[in-house]
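Per-entry structural report
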Amino acid sequence: MSRKFAVFSFIVMVGLLLAGCAPATQLTVEATTAPEPTEPAAPVEQEADPGKLVIYSGRSEGLVAPIIQQFADATGIEVEVRYGSTAEMAAALLEEGVNSPADVYYAQDPGGLGAIEDAGLLSTLPASILERVAPGYASPNGYWVGITARARIVVYNTESINPAELPGDLRGFTAPEWNGRVGVPPTNASFVTMVTAMRQLWGEDETRAWLEGIAANNPVYYSNNTGVVEAVASGEVEVGFVNHYYLYRFLAEQGEGYGARNHYLNNGGPDSLVMVAGAGILANGRNQENAVRFLQFMLSQVAQQYFASSTFEYPLVEGVATSTLLVPLSELNTPDIALGGLSDIAGSAALIEEVGMVP
Amino acid sequence: MPSPRAFLLLWLPAILAAAAVLLPVAYLLLRAANGGDAAWVTLQRPQTLATVWRTAALGASVTLVCLLLAVPIAWLTVRTDLPLRRLWAVLTPLPLVIPSYVGAFLYASALGPRGLLQGWLEEPFGITRLPDIYGFPGALLVLSLLNYPYVLLVVRAALQRMDPAQEEAARSLGHGPWSTFWRVTFAQLRPAMASGSLLVVLYVLRDFGAVAVMRYTTFTRAIYIQYQTALDRSAAAVLALMLILFSLAVLVLESKARGRSNQLNSAANPRKAERIKLGAWRWPAAAFCAAVVALALLLPAGVLLYWLVRGWLAGEALDNSARLIWNSVSASGLGALAVTLVALPVAYLLARRPSRSSSLIGSIINLAFALPGIVIALALVFFGANYALPLYQTMPMLVFAYLILFLPQAVAAVRASFQRVPAQLEEAARSLGSGPLGVVRRVTLPLLRPGVSAAVALVFLTAMKELPTTLLLAPIGFKTLATSVWSFVSEAFFARAAAPALLLILTSSLPMALLVLREEKDN
């Protein structure tokens, strides 16, 4: 072995060691007023062999792994999770069909769940689970249940925008003064769902006109919500259309000086939509009982409190305290749309494509 | 007709490998057919034509920039008295180990209109906004800086094996170093530049990460958008089939550019060429290498370190790293060995038994290079879950996916080696009474070793970076450095992504540096 190579390997090894010896503290995002959970995790009693559970998660590992681990620890169930995007997991489930090893599909939006429901791959959930959330937050046919909710908001740059001067309605952003100042994530599932809500509430023509108006204002397109929030904070654009909870992780990571904040339009239109992330049980899953226990756990006070305090999403179960940073869900003036009315994502995707937002 | 033995050892593995590549194609045809007429409407949209144009423009431009960066660096580091020559030789190929989705995030965050660079410029110069790098310029920048090493490695290898006799003849006829370079060296490098460019073009066609971050819609991104926004597998399949046609066109072009002379004018053990004295050009030449290394290697590494330190200061944890490294290294290592093993008979057929059937097999295998990872992954999800359930989501299945993904790369590397071993040498050994296997063992394999180790190293480091297939096909719960980087970066947990990303880059740098240093030693 040449001497140079030995030196090089040494440097690499030192690098690896350094990386391995980093301080082992965990980053925790404390909500300012999150109280101690008042109710223990749902089923805690350990069985002789609690068996297995396979979860396909369209929600990212950084967000949900801690609470899934808590479920595994509390029940002794051997939980295996496959992480990917909601669409990737949906595509995989559709390809696998009845041979899927999955027991639970946990998705970021109703669209992915709807596709799996339409393919006939989900089983109906027991009433004990569906009853835990308000009727508007579960599949109308009982095939999946919402776990948490996120609200549509306008994120704005704190240096250049005074929130009092923002339009009261998304339609205001088609005015020429917003030319080049808006960030949009046209391929993001939540954006597509908001467009679906617009089609429900405003009708096809007005939705198309709005999309065309925004597109004519030379918005900057981003591939996801985090991209928009970052761009707004850095001043690349001044406002963006995203969900409420992305901002708080940036605030936690980068402090109060972070240059973006949320503004709720709260006008009862599609611009104040509240959307759910939810989960369903695969009809051909081998661990049906454990899947039910998992959904019960995710709707328990413990898990709901985790989401309220750590991911800043809205809990869907009564009696969970949310961070004071959040406008309470009860104060949100959400539009009157059944979740079933939000399933036509293909139609919305086509419209978004048509106006040229997606090349 | 091949002998039964030749059939078993050469043709059968090659045919099976080609069949493996055809699996995803069969899947695409199936999905496209299921979609009915609606899916085919995708083809008639004006956006589709624009996508074709954008993809072609990016592929051509990235290739051009890669050639402009790689050929001078290769020549300088192999043939001249460049200051710190060995250092540049080791550093310049390393950007290849940076995954494109990570690289793109890093460049966007450093050079974006309001990125780190702008932040530094604001105080002293009052610059409040840099020009937008998104779209074509950003995609061009990222893909060129991360992929020029494909050309560099191939051209360097060709230069090292090139017989200096012709150059000496040109010099003795009164040509200066530049004239000799253009008229003799450059001309002889054409096949190497063509095959390096092919690797680059096909990589650009397949890449998703860089174009997604830079928001430039090529085929891959259009295909992804179909899955992502509309959950439409049929429209995605139609677009993917178009991408395959596109790649076929590129392959035809490349075989034209390569020309008829497949045999490089080279010797198995060339004499050492005399180093060219650069004179006053030494310093500009070193500055050029330094600039490339600074931009392609130090800048991304610097931003990663910045994220890492910022995370450390915020109390970020770095657990599980050992497990992630082991998973990445074992899966990529197994993949690299398996892929190279299969590449051997295929490369032998292509180099030594040129015929219609062998070149057909070669083209089919090259096609795999144009299949986006998500397509290969979903094809194997479909076939695996429905027809090979016991293997589904097991390590062998993942290795099989790597085989389809990376075979063309390995075949290209090994094939180039075969072409450098003159067939006459083997014939001579045969005529001296050695059996065919004896010839392979005593003559061919030793001379083949550089190509084989290049193939192993290339497949290893590409597998380390691979994402969509590993996400969908690895055993459940099997996390690699690449999947955890992706998981964190896509939710903007940059601090948490920094450590696995740095480890990924360090771990894949090792075989890469080993490869280059070994070449240096041979030289």
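Residues numbered from 1 in each chain as written. Chains lettered and ligands numbered in written order. Predicted model: local features only at pLDDT ≥ 70, side-chain atom pairs only at ≥ 80, totals over all residues. Heavy atoms only, no water.

**A look at the overall build of chain A**
Summing up its helical and strand segments, chain A has twelve helices and eleven strands in all. The buried share of chain A, reckoned over its 359 residues, is 59%. Counting only contacts in chain A whose residues sit at least 6 apart along the sequence, the fraction spanning at least 24 positions is 76%. When the accessible surface of chain A is split by element, carbon and sulfur atoms take 52% of a total near 13,400 Å². (Helix = DSSP H or I, 4+ residues; strand = E, 2+ residues; numbered from the N terminus. Buried < 20%, exposed > 50% of the residue type's maximum accessible area, 1.4 Å probe, protein only. Contact = heavy atoms within 4.5 Å. Areas by Shrake-Rupley, 256 points an atom, 1.4 Å probe, with all protein chains shown as cover.)

**Regarding the state of the cysteines**
All names here are of chain B. In total, this model carries zero disulfides over all chains according to the counting rule given. The structure places no disulfide on C66, whose sulfur is separated from the nearest cysteine sulfur, that of C289, by 16 Å. Note on C66: relative accessible area 0%, which makes it buried. For C289, a relative accessible area of 0% gives the class buried. (Disulfide = S-S within 2.5 Å.)

**Points about the packing of helix 8 (residues 225–234) of chain A against helix 9 (residues 246–254) of chain A**
Residues and elements named next belong to chain A. Close contact between helix 8 and helix 9 brings their axes to 10 Å; oriented N to C, the two are set at 55°. One finds that helix 8 runs oblique with respect to helix 9. Regarding helix 8 and helix 9, the two cross each other, and that crossing is right-handed. For the pair helix 8 and helix 9, contact is made by N225, T226, V229 and E230 and by Y246, L247, R249 and F250, respectively. Along the lines of polarity and charge, the residues of the contact of helix 8 with helix 9 split into four nonpolar, two polar and two charged. (Axes fitted to C-alpha atoms, helices over the stretch in contact; angles between N-to-C directions. Parallel < 35°, antiparallel > 145°, perpendicular 65-115°, else oblique. Left-handed = near helix turned anticlockwise from the far one by under 90°. Nonpolar A, V, L, I, M, F, W, Y, C, P; charged D, E, K, R; others polar.)

**Comments concerning the interface of chain A and chain B**
Taken together, the contact pairs 64 residues of chain A with 65 residues of chain B. Both faces combined, the contact of chain A with chain B buries some 5,700 Å², and carbon together with sulfur accounts for 58% of it. Summed over the shared surface of chain A and chain B, the number is four salt bridges. When the shortest N-O distance is used, the salt bridge between E95 of chain A and R31 of chain B registers 2.6 Å. In this structure, the connection of chain A to chain B is made through 14 residue pairs in polar contact (both at pLDDT 80 or more). Looking at the side of chain A that touches chain B, its residues break down into 34 nonpolar, 18 polar and twelve charged. (Buried area = accessible area lost by both parts, 1.4 Å probe. Salt bridge = Lys/Arg side-chain N within 4 Å of Asp/Glu carboxyl O. Polar contact = N/O pair within 3.5 Å; in protein donor to acceptor, adjacent residues only side chain to side chain.)

**Some details on the environment of Y402 of chain B**
Residue and element names in this part refer to chain B. Mapped onto the fold, Y402 is located in helix 17 (residues 395–420). We classify Y402 as buried; its relative accessible area is 2%. Ignoring any residue separated from it by four or fewer positions in sequence, one finds Y402 in contact with A331, G335, V339, L407, A463, E466 and T470.

**Quick word on the pattern of salt bridges**
All names here are of chain A. This structure, assessed with the given rule, holds 14 salt bridges over all chains. Here R150 ties to E313 by a salt bridge, and the two come within 3.4 Å at their closest N and O atoms. Residue R150 is found in strand 5 (residues 144–157), and its partner E313 is found in the loop between helix 11 (301–311) and strand 11 (314–315); the two are separated by 163 residues along the sequence. A salt bridge links R171 to D169; the shortest N-O distance between them is 3.4 Å. Residue R171 is classed as partly exposed on the basis of its relative accessible area, which comes to 34%. Overall, the relative accessible area of 21% leaves D169 in the partly exposed class.

Limitation: the analysis is restricted to geometry and does not speak to function.
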